[in-house]
Amino acid sequence: MTPSPLTSRFEVNPSPLPTDQRAAILENPGFGNHFTDHMFLAEWTPDTGWADARVVPYGPLSLDPATAVLHYAQEIFEGMKAYAHPDGSVWIFRPDANAARMQRSAHRLALPELPLEWFLGSIEALIKADRDWVPFGDEKSLYIRPFMFASEVFLGVRPSQHVTYSVIASPAGAYFKGGLKPVSIWLSAWFSRAAAGGTGAAKCGGNYAASLLPQQEATDQGCDQVAFLDASENKWVEELGGMNLYFVQDDGSIVTPELSGSILEGITRDSILTLAADLGHEVIQRKVSIDEWREGTAGGKITEIFACGTAAVVTPVGVLKWDGGQAVSSDGEAGKVTTDIRSALVDIQYGRAEDRHGWMHKVC
Ligand code: PLP
Ligand code: COI
């Protein structure tokens, strides 16, 4: 257990979870249910800058009821995974991209930017401390959740003058219970996730809070996920509550909605732009209307649809439902293009294929 050079304090958990209990969790981790023995913390004030980096036993944070984040939701987060390779080494995927996105999110939420070396150092310190929590096996990984929040005790509405940054980790299996089975999507008719000029391109908790009622509506309609259209015209496909979208066309090209300012710029989405081109597909970023989705699946122009994100990896979309209709895009199995792109990605992440783009970063 080697702390990162930036870690000023390393407090070993005196009572880590017993090995047999950890093994049982790693066997069947689910998603987001279990947490490792340690966590990373650091504090920021205008006077100190980023300071007091520490790895400590995982446990509750004690917050004053007037802590700003509880009132004004000044909070951002990231999501990434650590993968065990066949030789037992542990790697992360494109951490520089997550670090850069967290800086962009921080800027939008008027939070202090975390330097790249702090982001990387914090993640490395936690993974090294809890290395035994990285599960082996396809589909399994250690999900890493860096987050930052307004921790000043103050009810005035202005950027917090005390900010806390933390990283926690959670062993993860497939995000969707059905694994690679196509998921069903509910089209939100009334609710938007994000508006022009809003926070849609930032990874902030408020975006997810806004998605929960439409997600509940999707669940009530028997669907796995909710799809959002743009807030201005209610016409252009943006993304799902926690994933980006790709459409495979009958000529072999693949299309993803172009970044609009209200779409989250997914790192999986960005990686697929490259991987799909490597596989010989023409890759197009442009506006996709909801009519194109409906008519394209009905007429055969769209042959496959998939969602992508760190948690969901690459997941086929089976059907889009709305009040009074549905558009079916799968016969119940993952399509070939979806499967090939998924394999190209996970084979790199799990160390089974050559990392031609220099995306993998070895932690330990
Ligand atoms: N869109 C939203 C709203 C998300 O929450 C996520 C997940 O992080 C994504 C897209 C995909 O982003 P990434 O591929 O970086 O995980
Ligand atoms: C991720 O994929 O990392 C996310 O943050 C999405 C969330 C639905 C878990």
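Residues numbered from 1 in each chain as written. Chains lettered and ligands numbered in written order. Predicted model: local features only at pLDDT ≥ 70, side-chain atom pairs only at ≥ 80, totals over all residues. Heavy atoms only, no water.

1. Here we look at the domain arrangement of the chain
Phase 1 of the analysis: Annotation of the chain at the domain level lists domain 1 (9–172) and domain 2 (183–349).
Phase 2 of the analysis: Measuring from the centre of the C-alpha atoms in domain 1 to the corresponding centre in domain 2 gives 27 Å.
Phase 3 of the analysis: Listed by partner, the interface residues are 21 residues for domain 1 and 21 residues for domain 2.
Phase 4 of the analysis: For the domain 1 and domain 2 pair, buried surface summed over both sides reaches about 1800 Å², with 55% attributable to carbon and sulfur atoms.
Phase 5 of the analysis: If you sort the residues of domain 1 by the area they bury against domain 2, F77, F93 and R101 come out on top, with a joint share of 31%.
Phase 6 of the analysis: Seen at the junction of domain 1 and domain 2, the total is 3 salt bridges.
Phase 7 of the analysis: The salt bridge involving R94 is made with D270; its shortest N-O contact spans 2.9 Å.
Phase 8 of the analysis: Linking domain 1 with domain 2 are 14 residue pairs in polar contact (both at pLDDT 80 or more).
Phase 9 of the analysis: Counting only elements with at least two residues in the side of domain 1 that touches domain 2, the list comes to β4 (75–77), β5 (80–84) and α3 (95–108).
Phase 10 of the analysis: Residues belonging to the side of domain 1 that touches domain 2 are distributed by class as follows: 9 nonpolar, 4 polar and 8 charged. (Domains from an automatic or database assignment. Contact = heavy atoms within 4.5 Å. Buried area = accessible area lost by both parts, 1.4 Å probe. Salt bridge = Lys/Arg side-chain N within 4 Å of Asp/Glu carboxyl O. Polar contact = N/O pair within 3.5 Å; in protein donor to acceptor, adjacent residues only side chain to side chain. Helix = DSSP H or I, 4+ residues; strand = E, 2+ residues; numbered from the N terminus. Nonpolar A, V, L, I, M, F, W, Y, C, P; charged D, E, K, R; others polar.)

2. Focus: the packing of helix α6 (residues 267–278) against helix α8 (residues 336–349)
Phase 1 of the analysis: Their axes nearest at 10 Å, the elements α6 and α8 cross at an angle of 110°. With respect to their mutual orientation, α6 and α8 come out roughly perpendicular. Contacts between α6 and α8 involve T268, S271, I272, L275 and A276 on the former and, on the latter, I341, A344, L345 and I348.
Phase 2 of the analysis: Its residues placed into classes, the contact of α6 with α8 shows 7 nonpolar, 2 polar and no charged. (Axes fitted to C-alpha atoms, helices over the stretch in contact; angles between N-to-C directions. Parallel < 35°, antiparallel > 145°, perpendicular 65-115°, else oblique.)

3. Re the pairing of strand β10 (residues 225–229)
Phase 1 of the analysis: Most of β10 sits inside the fold, with 5 of its 5 residues counted as buried.
Phase 2 of the analysis: Burial of the side chains of β10 extends over both faces: Q225, A227 and L229 are buried on one face and V226 and F228 on the other.
Phase 3 of the analysis: When strand β9 (residues 183–187) meets β10, the two strands line up parallel, connected through 3 bridges. Note that in β10 the partner of W186 across the bridge is V226. (Buried < 20%, exposed > 50% of the residue type's maximum accessible area, 1.4 Å probe, protein only. Pairing = 2+ DSSP bridges.)

4. Quick word on the layout of surface pockets
Phase 1 of the analysis: Counted as a void, the largest pocket has a volume near 530 Å³.
Phase 2 of the analysis: Taken together, 30 residues line the largest pocket, and the ones lying closest to its centre are K203, Y208, G241, G242 and M243.
Phase 3 of the analysis: Secondary-structure elements contributing two or more residues to the lining of the largest pocket are β7 (141–150), α5 (205–220), β10, β11 (237–240), α6 and β15 (302–309).
Phase 4 of the analysis: When residues in the lining of the largest pocket are grouped by element, the largest group, 4 residues, is from α5.
Phase 5 of the analysis: Its residues placed into classes, the lining of the largest pocket shows 13 nonpolar, 11 polar and 6 charged.
Phase 6 of the analysis: Volume-wise, the second largest pocket comes out at about 360 Å³. (1 Å grid on protein atoms, 1.4 Å probe; cavity = no way out; pocket = protein on both sides within 12 Å on 5 of 7 lines; lining within 4 Å. Points joined across faces, edges and corners; volume = space filled by probe spheres on them.)

5. Let's talk about the site of ligand 1
Phase 1 of the analysis: Inspection of the region around ligand 1 gives 16 residues, with K203, Y208, E239, T268 and T310 positioned closest.
Phase 2 of the analysis: Here an oxygen atom of ligand 1 and a side-chain polar atom of R101 are 2.8 Å apart.
Phase 3 of the analysis: Between ligand 1 and K203, the relevant distance is 2.7 Å, taken from an oxygen atom to a side-chain nitrogen or oxygen of the residue.
Phase 4 of the analysis: In this structure, ligand 1 is accommodated by the largest pocket.
Phase 5 of the analysis: Put simply, the parts of the chain that give the shell around ligand 1 at least two residues each are α6 and β15.
Phase 6 of the analysis: Split by residue class, the shell around ligand 1 holds 5 nonpolar, 7 polar and 4 charged. (Near = heavy atom within 4 Å. Sits in = over half its atoms within 2 Å of the grid points.)

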